Amino acid sequence: MSAAAGTPAEGGGDRPWQSYHTAYTNAKAGMEGVDKEKVQKVIYEMSKGSKYFENEQRKEALTKQKIEYLRAQCATLTDNDISHFQKVAEKKMLELEASRDLSKIWLHTDMDAFYAAVETLEDPSLKGKPLAVGSMSMIATASYEARKFGVRAAMPGFIGCKLCPGLVFVRPNFERYTHYSELTRKVFQRYDPNFIATSLDEAYLNITNVCIERGITGEEVATELRAAIHQETGLTCSAGVAPNRMIAKVCSDINKPNGQFILPNDREAVLTFVSTLPIRKIGGIGKVTEQMLRQVLGISTCQEMLQKAAFLCALFSEGSADFFLSVGLGLGGTETPEQRQRKSISCERTFTATSDSSLLFDKLANLAENLTDDLQKEGLKGKTLTLKLKTADFEVRTRAVTTRGYINSKEDILIYATKLLKAEMPLSLRLMGLRMSQLHDEKDDSSTSTQKTLDIFFRSSGNDLNVNGANVQSSTNTSGQDISPISVTTKDEYLVHDAGTSASTDQQDFFVHDESIFIPEQRNLVSYSNEAVLSNPVIDDALGEAKLDDVTPSAKVMNAEKFDDVCQLTSHEATASSSKPGQQLWIDDYVCSICGFELPPGFEEERQEHSDFHLAESLQHEETVDSKRPISNERLAERSCSTTPTPKKKLKSSKEGKHIPIDAFFAKCNKNL
DNA sequence: GCGGATCAC
DNA sequence: GATGGTGATCCGC
């Protein structure tokens, strides 16, 4: 069998660069004439020995282990097993086949080297030059001229320089890209008001209706639409037309740049199309999946998914197997999906690696502030806070905590985040990030405003989201306001909002290209977390361990709470606000005068931490008032594919036969692999 | 619910 | 000298 069909001597030998699988293994348009071996060697030489490189090696080793594991699994399959899974697979394939829908016509558009093209449009002196949009650390988009040298998106700039000594760098200008993106969307809108924008430079359009109403073909729509885009933006794009989105996306890449490819709505055409299509072309199959499928089952084309269907069902989860089989059948995405609401919101920054805890806590405070801004801009609160860390040697860790109530204030976020970070110290980091999930739209709050806890509690106690009584609990944030309990939002309310059509889900890629993060002179105060703001922090703090669970109120506390407790808590909260930074003292030797947090005299260390927190808080406040932070936090979207240096060039009608024959295309792909 | 990983852009 | 940021999802525990 073709198990172990991968490249046998990949482990190294006298050409170690061949086994260094970079993140950009997917062949991109504009890279055809490139001496891949040479480029690969340069990348290898420049990376070798770095922390980054070592981490990549570590990850590769893990992938290898996975592959070995799957091979071993494979080897244990008996004939009986195989025939069993063959039946399973055949049944599944029949089901999938029955779902085939050839009645829709989808069009995928992709701007050609979007950022580079925009920059060239704005500054014609760049025309014809090898251009990289990005920084020495990271290239977002490379112009066509640069691609000839092997320079491409996701490559660090310094490697780009080595590959292409004359490489010109331009800082990303996010506003520009957004502007041009909006122009393209105005065009999309005319062809499909429900178009799906997947990034600034890509979108899916269901053109079925346009074709029917105007009695024209998908090809004609594509030609017209691309001409309109060019007319209205001065930029070129490529398009793919097919019966579903999965295939349309692949098609838009075939005659890139400034081209289009149309696959007819015909089952045989689709099956022929996928028969030689490399799996890596499919969205969702990345570097690792490709390696696994190839090295475990010898699969490299979509059609081979069907030949190995039994093994796919035996080795992978049902979801994965279904996906793989769909790929083999050329199925995927014929209905316009409901507009998805965001599930998380996050913020992360890379910086010069440091183990200085005061620096790290500063950065954490900045992140908390940024996250808060973003949350509040969107009117969101969240329940789960995740701290992301990347160590100086590129190891990534995440640590999460789920709070009882929804939070979005900087203070609340910082308290939980600090706790999470403290538990990991000491360590040297090059990145930190904060993510909020389990979101809740504040606008969905049906209740009026403050002091609604009990009301909500009673009203919601019968609704189906409120399965777990222990969750129904309000807590207090630093400003003494209620944190809405989970039960505020009913299932219905969740579903109500949106129904929007503008499809402006900008999940574009941004990145910081200037790492000068403002670092105030530091004291280590912020590093002392406290849980004063928790509704019942005494017990948590008394446990005093740096355990994450501590942040979440322990079950024994929560489970014991009944209506009485809620009443008590609420009234307690009513007296617990007021805030006078810098003048904190312990009322009755017991209660914090600022936030009402109760801490008995025995807990001196905790008290010190608590006092420090308020001090830090007030100092932080001063800082934010008088410092304009020079965060050149420009956000940079991602790449598209290739650019045309002459955007004014007349679009060629697809009728003029600009298409590369399908076989030639795949031959090209295979060469690129 | 958490944490690691993968993927897209 | 130097390898990003945002968001989603899946899987195993």
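This structure is a prediction, so every number in the text was calculated from the model and none was measured.

1. Observations regarding the overall build of chain A
When helices and strands are tallied, chain A shows 24 helices and 16 strands. The 673 residues of chain A split such that 52% are buried. Split by element, the accessible area of chain A, about 30,500 Å² in all, is 52% carbon and sulfur.

2. Let's talk about the pairing of strand β11 (residues 396-407)
Sheet topology places strand β10 (residues 380-391) next to β11; 8 bridges connect them, and they run antiparallel. Across the sheet, the residue bridging to K388 is T398, located in β11. Hairpin connection of β10 to β11: 4 residues between the antiparallel strands, including F394 at a positive phi of 75 degrees.

3. Describing the sheet that holds strand β2 (residues 131-134)
On the basis of which strands lie adjacent, the open sheet formed by 3 strands has the order β3-β2-β4 and mixed pairing. The open sheet has two edge strands with one neighbour each: β3 (139-142) and β4 (168-170). When strand polarity is set aside, the average angle formed by the axes of neighbouring strands in this sheet is 30 degrees. Taken together, the 3 bridges between β2 and β3 define a ladder with antiparallel strand orientation. Note that in β3 the partner of A132 across the bridge is A142. On top of the sheet, helix α4 (residues 114-122) reaches β2, β3 and β4; it is set at about 110 degrees to β2, its chief contact.

4. Structural notes on the confidence of the model for chain A
Summary statistics for chain A give a mean pLDDT of 74 and a share of 64% for residues scoring 70 or more. Segment residues 1-11 is flagged for pLDDT under 50; beyond a separation of four residues in sequence, or across chains, it makes 18 contacts in the model. In the model, residues 586-591 has pLDDT below 50 throughout and makes 21 contacts with residues more than four positions away in sequence or in other chains.

5. Examining the pattern of salt bridges
Following the criterion strictly, the structure yields 31 salt bridges and no others. Ionic pairing is found between D110 and K256, a salt bridge with its closest N-O pair at 4.0 Å. In this pair, D110 is assigned in strand β1 (residues 106-111) and K256 in the loop between α10 (245-252) and β8 (260-262), connecting sequence segments 146 residues apart. Like K256, D110 is buried.

6. Considerations on the sheet that holds strand β9 (residues 344-354)
Within a beta sheet, neighbouring strands are joined by backbone hydrogen bonds and run either parallel or antiparallel to one another. Strand order in this open sheet of 4 strands is β9-β12-β10-β11, and the pairing throughout is antiparallel. Each of the sheet's edge strands pairs with one partner strand only, and the pair in question is β9 and β11. Going across the sheet, the axis of each strand differs from the next one's by a mean of 15 degrees, ignoring polarity. Relative to β9, helix α16 (residues 357-378) is tilted by about 160 degrees, and along the sheet it contacts β9, β10 and β12 (429-441).

7. A look at the packing of α16 against helix α17 (residues 410-422)
Put simply, α16 and α17 touch, their axes get as near as 9 Å, and they point 140 degrees apart. By the angle between their directions, the pair α16 and α17 is classed as oblique. Both α16 and α17 take part in a crossing whose hand is right-handed. Across from L360, F361, L364, A365, A368, E369, L371, T372 and L375 in α16, the residues of α17 making contact are K410, I413, L414, A417, T418, L421 and K422.

8. Details of helix α15 (residues 318-329)
Taking 1.5 Å as the rise per residue, α15 with 12 residues should run 16 Å; its terminal C-alpha atoms sit 16 Å apart, in good agreement. Along α15, the residues that are buried comprise A321, F324, L325, S326, V327, G328 and L329. Looking at the buried residues of α15, the elements they touch are α3 (79-98), α10, α11 (267-275), α12 (287-297), α13 (302-307) and α14 (309-315). Following α15 by one or two positions, G330 adopts a phi angle in the positive range, close to 70 degrees.

9. A closer look at the environment of Q303
You can see Q303 is positioned in helix α13. Accessibility expressed as a relative area gives 34% for Q303, which makes it partly exposed. Once the C-alpha coordinates of Q303 and G330 are considered, the two residues, 27 residues apart in sequence, prove to be 8.8 Å apart. Once residues lying within four places of it in the same chain are set aside, the contact partners of Q303 are V274 and S275.

10. Side note on the nonpolar core
In terms of nonpolar packing, the biggest core is built from 46 residues, with L263, F273, L297, M305, L312 and F316 touching the most fellow members. Elements supplying a minimum of two residues to this core: α2 (51-76), α3, α10, α11, α12, α13, α14 and α15. Counting residues in each nonpolar core, the second largest holds 39 residues, with A113, A203, V210 and V241 among its members.

11. A word on the packing of α3 against α15
Closest axis-to-axis distance for the α3/α15 pair is 10 Å, and the angle between their directions is 60 degrees. It follows from the interaxial angle that α3 and α15 lie oblique. Considering the relative orientation of α3 and α15, their crossing is right-handed. Of the residues in α15, those in contact with A89, K92, M93, L96 and E97 of α3 are E318, D322, L325, S326 and L329. Its residues assigned to classes, the contact of α3 with α15 comprises 5 nonpolar, 1 polar and 4 charged.

12. Let's talk about the side chain of K256
Overall, the relative accessible area of 7% leaves K256 in the buried class. A polar atom in the side chain of K256 sits 3.2 Å from the backbone oxygen of D110. Of note is the side chain of K256, whose polar atom sits 2.5 Å from the side chain of D112.

13. Re unusual backbone geometry
Note that the residue after K256, namely P257, is joined by a cis bond; omega there is 0 degrees. Considering the arrangement of structural elements, one finds P257 in the loop between α10 and β8. Of the consecutive residues M425 and P426, the connecting peptide bond is found in the cis state with omega at -5 degrees. By the element assignment, P426 lies in the loop between α17 and β12. A positive phi angle is found at A113, which is not glycine, with a value near 40 degrees. Checked against the element boundaries, A113 lands in the loop between β1 and α4. When its relative accessible area of 0% is taken as the criterion, A113 is described as buried.

14. Quick look at the environment of Q73
Looking at where Q73 falls in the secondary structure, it is placed in helix α2. Taking relative accessible area as the criterion, Q73 reaches 31% and is therefore assigned partly exposed. Distance from Q73 to K281, taken between C-alpha atoms, is 27 Å for residues 208 residues apart in sequence.

15. Considering α3
With 20 residues, α3 ought to run about 28 Å at 1.5 Å a step, and its terminal C-alpha atoms sit 28 Å apart, in line with that. Taken together, the buried positions of α3 are A89, K92, M93 and L96. Taken down its axis, α3 places every buried residue within 105 degrees of arc, on the same side. Seen from the buried face of α3, the exposed residues on the opposite side, beyond 90 degrees, are N80, K87, K91, L94 and A98.

Conventions adopted
Residues numbered from 1 in each chain as written. Chains lettered and ligands numbered in written order. Predicted model: local features only at pLDDT ≥ 70, side-chain atom pairs only at ≥ 80, totals over all residues. Heavy atoms only, no water. Helix = DSSP H or I, 4+ residues; strand = E, 2+ residues; numbered from the N terminus. Buried < 20%, exposed > 50% of the residue type's maximum accessible area, 1.4 Å probe, protein only. Areas by Shrake-Rupley, 256 points an atom, 1.4 Å probe, with all protein chains shown as cover. Pairing = 2+ DSSP bridges. Axes fitted to C-alpha atoms, helices over the stretch in contact; angles between N-to-C directions. Contact = heavy atoms within 4.5 Å. pLDDT = per-residue confidence, 0-100. Salt bridge = Lys/Arg side-chain N within 4 Å of Asp/Glu carboxyl O. Parallel < 35°, antiparallel > 145°, perpendicular 65-115°, else oblique. Left-handed = near helix turned anticlockwise from the far one by under 90°. Expected span 1.5 Å × (residues − 1). Core = buried A, V, L, I, M, F, W, Y, C linked by side-chain atoms within 4.5 Å. Nonpolar A, V, L, I, M, F, W, Y, C, P; charged D, E, K, R; others polar. Polar contact = N/O pair within 3.5 Å; in protein donor to acceptor, adjacent residues only side chain to side chain. Arc of directions from axis to C-beta.

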